[in-house]
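# Commentary on secondary and tertiary structure
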Amino acid sequence: LDTGPDRDQNGLNSSFIYAESRYGFINDTAVIESSCINLSNFVPYTLEFKYHRSGDTSMPSLYVDIYNGTSWQQVADVSGNDQLKGNDSWSTYAINLDQFAGSKIKLRFRTVKIGCCRYSMAIDDIKIYERKAIDVSISRLSSIENDCKIEDSLRLEVANYGVQNITGSIPFSY
């Protein structure tokens with residue numbers, strides 16, 4: 001079974017971090033842990049990373065944990081088989097870190113092996129960044145059908161990834 005990405009998330013023959021089920025024993029835990037990260041500026045931060053999970057549907061979860069100086073807290077459980085082949089596009093996962101603002105943290109990615117030889121997972125482009133007040137993105141764009149014909153009108157759905165609520169209308173032209 002062909003598992004794992006063929007290239008990094010940018011399509012280059014570059015580095016990424018991965019765990020593969022062909023190695024180790026059942027219940028082994030694969031862990032990658034950061035050094036201390038200072039979030040003491042009290043701004044809204046987001047942790048974002050790209051991931052690639054391919055292979056058998058019984059693939060284990062990828063867990064993301066944050067150490068807050070006292071204990072580890074699980075902040076994400078990435079599950080499912082998002083990619084079917086090694087050349088499928090990577091997915092993006094984002095985690096709001098507001099609850100850790102003003103502190104120093106450590107970041108940990110982990111997974112527990114549950115079987116052999118039929119799955120792998122990888123992570124790439126891990127970053128922590130300050131969120132903008134308003135950060136709007138088009139999440140869906142589609143034509144409006146009316147009586148079996150397509151009009152010149154479009155249906156536009158947007159997502160706000162910023163920290164400030166949007167009220168009123170958003171100008172749009174095409």
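If you're wondering where the values come from, they're calculated on a predicted model, not measured in any experiment. (Residues numbered from 1 in each chain as written. Predicted model: local features only at pLDDT ≥ 70, side-chain atom pairs only at ≥ 80, totals over all residues. Heavy atoms only, no water.)

### Structural notes on the side chain of Glu-48
Selection rule: Each helix corresponds to a stretch of at least 4 residues labelled H or I by DSSP, and each strand to a stretch of at least 2 residues labelled E; elements are numbered beginning at the N terminus. Note on classification: 1.4 Å probe, protein chains only; a residue is buried when its accessible area is under 20% of the maximum for its type, exposed when over 50%, partly exposed between these limits. Polar contact is defined as a pair of N or O atoms within 3.5 Å, subject to the rule that within protein one atom must be able to donate a hydrogen and the other to accept it, and that residues adjacent in sequence are counted only when both atoms are side-chain atoms.
For Glu-48, the location among the structural elements is in strand S4 (residues 45-55). What makes Glu-48 buried here is its relative accessible area of 14%. Among the polar contacts made by the side chain of Glu-48, one reaches the side chain of Tyr-129 at a distance of 3.1 Å.

### Things to note about unusual backbone geometry
The phi angle at Asn-27 is positive, at roughly 75°, despite the residue not being glycine. The residue Asn-27 is located in the loop between strand S1 (17-20) and strand S2 (29-33) in this model. One non-glycine residue, Asp-125, lies in positive phi territory at about 50°.

### Overview of the packing of aromatic side chains
Threshold: A pair of aromatic rings is counted whenever rings of Phe, Tyr or Trp (Trp by its six-membered ring) have centres within 6.5 Å, and the orientation is called stacked for planes under 30 degrees apart, edge-to-face for over 60 and tilted otherwise.
Counted under the stated rule, the structure contains 7 aromatic pairs. Their ring planes at 75° and their centres at 5.6 Å tell us that Phe-16 and Trp-90 sit as a pair that is edge-to-face. Taken together, the residues span a long stretch of sequence, with Phe-16 in the segment before S1 and Trp-90 in the loop between strand S6 (72-78) and strand S7 (91-96) at a distance of 74 residues. With a centroid separation of 5.7 Å and an interplanar angle of 25°, the aromatic rings of Phe-49 and Tyr-93 are classed as stacked.

### A short note on a nonpolar patch on the surface
Threshold: Residues forming no salt bridge and having over 30% relative accessible area are the ones grouped into patches, like charges within 9 Å of each other and nonpolar side chains (Val, Leu, Ile, Met, Phe, Trp, Tyr) within 5 Å. Residue burial considers only the protein chains on display, and all accessible areas are found by Shrake-Rupley using a 1.4 Å probe. Take a side-chain nitrogen of Lys or Arg and a carboxyl oxygen of Asp or Glu: if they are within 4 Å of each other, that pair is a salt bridge.
A contiguous nonpolar patch, built from Ile-134, Val-136, Ile-138, Val-158, Ile-166 and Ile-170 and spanning about 460 Å² of accessible area, is present on the exposed surface. If you trace the backbone, Ile-170 turns up in the segment after strand S11 (149-160). Residue classification places Ile-170 among the partly exposed positions, given a relative accessible area of 42%.

### Considering the environment of Val-31
Rules: What makes two residues a contact is simply this: any of their non-hydrogen atoms within 4.5 Å.
Looking at the element boundaries, Val-31 is found in strand S2. If sequence neighbours within four positions are ignored, Val-31 has contacts with Arg-108, Phe-109 and Arg-110.

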